[in-house]
Amino acid sequence: MYLTRKTGEMEKILEIKNLYVGRIDGTKILPVLNNIELSIYKGELFCLVGESGSGKTTLALSIIRLLPKSFRILSGEIILCNKKITGISEELIRGLRGKLVSMIFQDPGAYLDPLFNIDTHLRESFHGNPVEFNQLKIKVITEVGLSPEILSVYPHQLSGGQQQRVLIAMALINNPSIIIADEPTTALDVLTTKQIIKLLDQIRIKHNPGMLFITHDLNLALSTGTRIGIMYRGCIVEIFKPNKEKPLHPYTKILMGYSEENHSDISDTTLMDTKQETDEKCIFFERCPEKKPLCNRKVDFIWRDETTGIRCIKYGQNSQM
Amino acid sequence: MRNFLGRLKKYSKVSYFSFWFLIIFYLVSFFADILIPYHFDYQFRDKPYHPPSKIHFIDTEGRFHIKPFVYETFVDDPIFRTYKENYSVRYPIKFLVDGPERNVFFIFKTKKYLFGVDAPAGIFLFGTDTYGRDIFSRLLYGSRISLSISIIGVLISFVLGMITGGFAGYFGGITDQVLMRIVEILMVFPSFYLMLSLRAMFPLNLSSIQVYFLIVMILSLIGWAGLARIIRGMVLSIKEEDYVLAARSLGLSHWRILVFHILPNTFSYTITAITISVPGYIIGESALSLLGLGIQEPYPSWGNILSSTVGNIRVISDAPWLLLAGAFIFIILINFNILGDALRNVLDPKNW
């Protein structure tokens, strides 16, 4: 639909191994992310899809190590450009933010400081030599499709689409290895969404960063992503390539409308009381239309090959055999 | 700056006027040394409680004179101290009149005064006080003390409040606890009594300059606590804003986020708070001087000019010009309040 997709050379930019994140609630630790396995390669656009509350944003924030205070990384590793960033100090990680990894947020208006004009925003984002900045800011601002006059303007004077472009320019100015876009189009209308997606795609092809694109719109993900990860209750249940293979996981099928959800066993409490008891049975057990007695035990994420995988006993074992 | 003035004018004409009024007033008080017609402690021994001089253009014979002039006055009724004019000689108002030698800005000495009349007549624009000193000169000279104390005091307490409130709010935890307990201890005491007891800790026989700095310190020490508390509250809420998260995601340091992103966002409040608290400092100085604990005679301040009227009920009927210092405090106060209200709107980019 958009420009040509290429996965590029297979250089791993981000690797997440067996990540567990929990929220501390008094003395209890409530699991938020369970057993996350993910890797993102240079030049790809990885879409992360899931319901609200499935842990997409938490995953993004743990990659940039900006989790809210009550959240902790319990175990697992995050490796960013061959640097392990779990367990290193705040000072060290600060040097990586913006340079190696930068983030584009959901509601662009709220993420721009109302007191500063766009020029100041770009200057604050830029980590390099101030002398280069004056040329670079024009280059970046035209690259995201804005005119240089916008530099002297204040955030509230811009439209939502323009604000989002400014945020993209801020993320882009240091030429990071990976850009995390956390639902960047949620606050925008359909046409602006298309423009922003197109812009992100252009940037990906030109600068070749890895992109982690978080959305709850599966159709958008299918039409843009080189790979798609489906999240459910704090787990990645499936990673697949949208144009090459059909997804197999029952949850993905439901999302894509291939099959109907199993309503019989769901009570409100099982839906509300999420992210618990994951050790005892498959996380999708209650809602799964294809469940078997075998599913009544812990299921881990299984890599089918280098880039795709599934968390389901039925399909995971099939491909392994 | 031009933008700022334009916006201020657009926001309200009254606040625009207030702004220029205050600027001019501060300039006048800064150049008080040059503008006064008499030295602040020069006494006309024979003219206590002299009412404001009448300035004439037309003499007794009905002739008009381009140069305004005054008549010499003499005591008409020694009990009620009423004065009458002696119409025999005209004393035209002159510029650059000779008088007793004085210091200007502590730098050079001069015998020239900007305006005045020949002896033995005197020109008292606002009358004289108990010792026959010119109130106009004393008010002008006193404004230097009163207005500069307020500005310096406000700046000190503003900086203190910003630092404490910012640190407490941003870092939270034990920093917050310790700083806020200190602030609460300061706030527990009624500020006026705290001011008095702080002043009582120091000896009374200090030089004027020492007293001046002591008062600045006392006033700002009292003023910063409330400001710190409110700034802490604002920082607590601002640090949860998304743009702070965005700033962190850009890899900015805590220091930079606090100073460049969080504290500037409290300015809409603090600038208003500052302009509104300036009168508080003028009143604080006046209150101390009124009780004889502030600026000591013969140095004038608005407070001790007012204090000379305390316990002297006759002043209100017989020499109301002694209360002019109060009127000046009132005018400055009103203008600062108007300006403070306007600044909050004018300095917020969202209203541009």
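Definitions and limits used
- Residues numbered from 1 in each chain as written.
- Chains lettered and ligands numbered in written order.
- Predicted model: local features only at pLDDT ≥ 70, side-chain atom pairs only at ≥ 80, totals over all residues.
- Heavy atoms only, no water.
- UniProt positions renumbered as here; feature names shortened; annotations may be inferred.
- Helix = DSSP H or I, 4+ residues; strand = E, 2+ residues; numbered from the N terminus.
- Contact = heavy atoms within 4.5 Å.

Where an unreviewed UniProt entry is consulted, chain B appears under the name Dipeptide transport system permease protein DppC, with the organism given as candidate division TA06 bacterium ADurb.Bin131. Check the Sequence similarities (unreviewed entry) section of the UniProt entry for chain B; it says "Belongs to the binding-protein-dependent transport system permease family."

Going by an unreviewed UniProt entry, chain A carries the name Nickel import system ATP-binding protein NikD and comes from candidate division TA06 bacterium ADurb.Bin131. Here is the UniProt Sequence similarities (unreviewed entry) comment for chain A, exactly as written: "Belongs to the ABC transporter superfamily." What the UniProt record of chain A gives under Subunit (unreviewed entry) is the line "The complex is composed of two ATP-binding proteins (NikD and NikE), two transmembrane proteins (NikB and NikC) and a solute-binding protein (NikA)."

Peer 1: Break down unusual backbone geometry for me, citing the residues and quoting the values.
Peer 2: All names here are of chain A. If you check the backbone angles, R65 has positive phi at about 55 degrees while not being a glycine. Secondary-structure assignment places R65 in the loop between α1 (56-63) and β4 (71-80). Of note in the backbone geometry, R233 takes a positive phi value of approximately 45 degrees without being a glycine. Relative to the assigned elements, R233 resides in the loop between β9 (227-232) and β10 (235-240).

Peer 1: Tell me about the UniProt feature "transmembrane region" (unreviewed entry) in chain B, and name the residues and values.
Peer 2: Residue and element names in this part refer to chain B. Within this numbering scheme, the UniProt entry marks residues 20-40, 145-171, 178-197, 209-231, 258-283 and 321-340 as carrying the feature "transmembrane region" (unreviewed entry). End C-alpha to end C-alpha, residues 178-197 measures 24 Å, and it is 90% helix and 0% strand. In residues 258-283, helix accounts for 85% and strand for 0%; the two terminal C-alpha atoms are 33 Å from one another.

Peer 1: If you had to explain the side chain of Q163 of chain A to someone new, which residues and values would you point to?
Peer 2: Relative to the elements of secondary structure, Q163 of chain A occurs in helix α5 (residues 160-172). Leaving out residues up to four positions away in the same chain, Q163 of chain A has contacts with P108, G109, L112, P155, H156 and L158 of chain A.

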